[in-house]
Amino acid sequence: MKRNRKIKIVATLGPASSTYEMIRALHEAGADVFRLNMSHGSHDEIREKHAIIRQVEKDLDSPISILADLQGPKLRVGTFAEGPQDLEWGQTFRLDLDPTPGDKNRVTLPHPEIFEALEPGAHLLVNDGKIRLRVEDCGKDHANCTVVTGGVISDRKGVNVPDVVLPLAALSEKDRKDLEFVCALGVDWLALSFVQRARDVWEARELANGRAAILSKIEKPQAVESFDEILEVSDGIMVARGDLGVELPVQNVPPIQKRLVRKCRAAAKPVIVATQMLESMIESPMPTRAEVSDVSNAIYEGSDAVMLSAESAAGDYPIEAVSTMDAVAVEVEADPTYREIIEASRKANRSSVADGIVAAAREIAETTDIKAICCFTSSGTTAAKVSRERPRVPIITMTSSRSTARRLALSWGTHCVMTGDLERFKQAVVNAARATRKAGFAGEGDQIVVTAGVPFNIPGTTNILRVAPCDERLIYSTDPE
C-alpha cells in the first residue's frame, strides 16, 4: 500500500482493535506494523488477531509486519493486610521475603535475586516511580529503606531497580512459552523486554532460531550503558521511553532518545520510538500540541517508526490516532528543515561494495530526476542499507521472500513488493519498472535506479547499479541480457 511518508507507524492491537474491519481500517489509515502485546490476551486471542492481520494482508496485497512484544520479568511487592498504606517522607520501610501480608512498616518483595544485587544507597521505585525508597542496609532476605518520595502503596505494585544490574534473565518462563507460540504462529519481529546487557538477547535469538527478528527494548539504565553491545546483537531497537522515564530522571530521556536513534541509523537497524506519543487520544479525538511536537521530534530525528500503544489498543479513537500520526509525518517530511536535519546527520559507514552502491544510488537519485530506488534483496540487508541513507525518493524493495518483505515493513522509506525468482538482470529491471508504475511512484516517461546482486537470490551479493527508464520498450531495446 502506497504511503506518502517515509517513517512507519506501529499500532498496538487490543480490545478496541480486534475485528477484521478495524484492523483493515487501521492499515488503510496508515498502520504499517501491528504490535501484539503478550502481556495481555490469551494465546487463542493472539492467534485470532494474527489470522486477521494475514487476511488483511492477503486482501489488500500489502505486506504487513507483526511484532510480538514479550512481557519480560515482572517485579512486584506482595499484598497488604489492611489495604493501601500511605508512606510518609523520611519514615523507614522494610522489604523482605516474609510472605505475611504487609502493613505501614513492611511488605514482602518475593524476589530474592533483588536482595542479592542490592547495595546500601541504591534506590527502589514503586508504582511507576511514584514512591521512591533508598536502601540503608540490606541482606539476602531484606532491605531496610528510607522513604524519599512518599505516597500510597497497595497490593502487587510494580518495583523498578534502576541502580543495579539484576541477576535476572530477560525471558521468564511465560516469555519462553509465548516466544515459541508466536514463532510457530509466524510473527516477524520479537520485542524483548528487560534487556540489561547483550547476553540477554542471545537466549531469545537462539530460541527463535531465525523464525523472527529480535528487537531489543531499551527501558533500563543498564541497557543504555551497554547499548553498543546490545545493538550489535539485535536486529532492531525500541526506545521504550515510559520505563526509561521511571528509572532515569525524565530530563535524561530526550538526549538518550536522540543518541540511540542516530546509532541505530548508522548501524542500518530499524528503531522505534515508543510510549505515550498521543496519550490524550485514548479519550480525545484530538491530540495535544505537545504530543504532536513529540511525534514530530521523533520524525525529525530520522526514526524508522513511531508507535501507538493504548491509543490504538484500548482507546476510543484508534483510527483517528493512526490518521493523526500519518498526517503529522506527511507534514514534517515535507518541511525543508527535515531534509536539512536528515542529511546533516547522515553518517558515512561504507566498508563493502553494497555500501558503496547504495550510497551511489542515493546520490544519483538526489542529483538527477529519479523517481525511486528499486532494490532487489534476498535477506533484506541491502534494503536496510538503502534505508540508512534516508534518500529523498521512495525505496521499492523487491524480494521473493515473504518474510523479508514483512520484516522490511518496519524500515524507513521502504515500499515492499513481492517478485518471483529471477535469473536475468534485464527481467529484474522490467519488474522494477512495473512495480514502480503500479504503485504510483513513477510514470512511463520517468527513470528509476535499480540495485541488485548477480547471481540472484544469494544474500550479500549486491554488485550492480543501473539507471533505467520506466518504459519497458526502452529497457528491452537498450539493456543487456
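Owing to the predicted nature of the structure, the values given are computational and were not obtained by experimental measurement. (Residues numbered from 1 in each chain as written. Predicted model: local features only at pLDDT ≥ 70, side-chain atom pairs only at ≥ 80, totals over all residues. Heavy atoms only, no water.)

**Notes on the pattern of salt bridges**
Quick note on the threshold: The rule for a salt bridge is simple: a side-chain nitrogen of Lys or Arg has to be within 4 Å of a carboxyl oxygen of Asp or Glu. Secondary structure is summarised from DSSP: a helix means a run of H or I of at least four residues, a strand means a run of E of at least two, and numbering begins at the N terminus for each. A 1.4 Å probe rolled over the protein chains alone gives each residue an accessible area, and that area as a share of the maximum for its type sets the label: buried under 20%, exposed over 50%, partly exposed in between.
Scanning the entire structure with this criterion turns up 39 salt bridges. Note that Arg47 is salt-bridged to Asp44, the shortest N-O span being 2.7 Å. A residue pair is termed a helical-turn pair when its members lie 3 or 4 positions apart in one helix, as Arg47 and Asp44 do in helix α2 (residues 43–60) at three residues. Residue Arg47 is classed as partly exposed on the basis of its relative accessible area of 39%. Assessed through its relative accessible area of 54%, Asp44 is described here as exposed. A salt bridge links Arg473 to Asp471, with the nearest nitrogen and oxygen atoms 3.0 Å apart. It is possible to trace a salt-bridge network through shared partners that takes in Arg339, Glu343, Arg346, Arg362, Glu363, Glu366, Glu389 and Arg392.

**Here's the deal with the packing of aromatic side chains**
What counts is decided by this rule: Classification of ring pairs uses Phe, Tyr and Trp, with its six-membered ring standing for Trp, and accepts pairs whose centres are within 6.5 Å; under 30 degrees between planes counts as stacked, over 60 as edge-to-face, and the remaining range as tilted. Whether a charge lies above a ring is judged from NZ of Lys or CZ of Arg, which has to be within 6 Å of the ring centre and within 35 degrees of the ring normal.
With the rule as written, the count across this model stands at one aromatic pair. Ring plane angle 55° and centroid distance 6.2 Å describe the contact between Tyr300 and Tyr338, whose orientation is recorded as tilted. Here Tyr338 lies in helix α13 (residues 336–344) and Tyr300 lies in helix α10 (residues 289–300), a separation of 38 residues in the sequence. According to the relative accessible area criterion, Tyr338 is buried, its value standing at 1%. Cation over ring: Lys2 sits above Phe441, and NZ or CZ is 5.1 Å from the ring centre. One residue, Lys220, lies across the ring of Phe194, its end atom 4.8 Å from the ring centre.

**Regarding the sheet that holds strand β14 (residues 236–240)**
For clarity, the cut-off: For two strands to be treated as a pair, DSSP must find no fewer than two bridges joining them. In this description, a line fitted to the C-alpha atoms serves as the axis of each element, helices being fitted only across the stretch in contact, and the angle between N-to-C directions of two axes falls anywhere from 0 to 180 degrees. It only takes one pair of heavy atoms within 4.5 Å for two residues to be counted as in contact.
On the basis of which strands lie adjacent, the closed barrel formed by eight strands has the order β1-β2-β3-β12-β13-β14-β15-β16 and parallel pairing. Averaged over all adjacent pairs, the angle separating strand axes in this sheet is 25°, with direction ignored. Helix α5 (residues 199–208) rests against β12 (189–192) and β13 (213–218) of the sheet, and its axis sits at about 155° to β13.

**Comments concerning the nonpolar core**
Defined as follows: Put simply, a nonpolar core is a bunch of buried Ala, Val, Leu, Ile, Met, Phe, Trp, Tyr and Cys residues held in one set by side-chain atoms that sit within 4.5 Å of each other.
Counting residues in hydrophobic clusters, the biggest one holds 85 residues, and the most contacted among them are Phe34 and Leu190. Contact partners of Phe34, with chain neighbours within four places excluded, come to Ala11, Leu13, Ile23, Leu26, His27, Ile53, Ile64, Ser65, Ile66 and Leu67.

**Overview of the sheet that holds strand β17 (residues 370–376)**
Sheet strands pair via backbone hydrogen bonds, and the direction of the pair is either parallel or antiparallel. Read across the sheet, five strands follow the order β19-β18-β17-β20-β21 without closing on themselves; strand pairing throughout is mixed. Both edges of this open sheet fall to β19 (414–418) and β21 (462–469), since each of them pairs with a single strand only. On average, adjacent strands in this sheet sit at an angle of 20° to one another, irrespective of strand direction. Across four bridges, β17 lies against strand β20 (residues 447–453) in parallel orientation.

**As for helix α9 (residues 253–266)**
Applicable threshold: To estimate the expected span of a helix, subtract one from its residue number and multiply by 1.5 Å.
Taking 1.5 Å as the rise per residue, α9 with 14 residues should run 20 Å; its terminal C-alpha atoms sit 20 Å apart, in good agreement. Here α9 has its buried residues at Val253, Ile256, Gln257, Leu260, Val261, Cys264, Arg265 and Ala266. Trailing α9 by a residue or two, Ala268 shows a phi angle of about 60°, which is positive.

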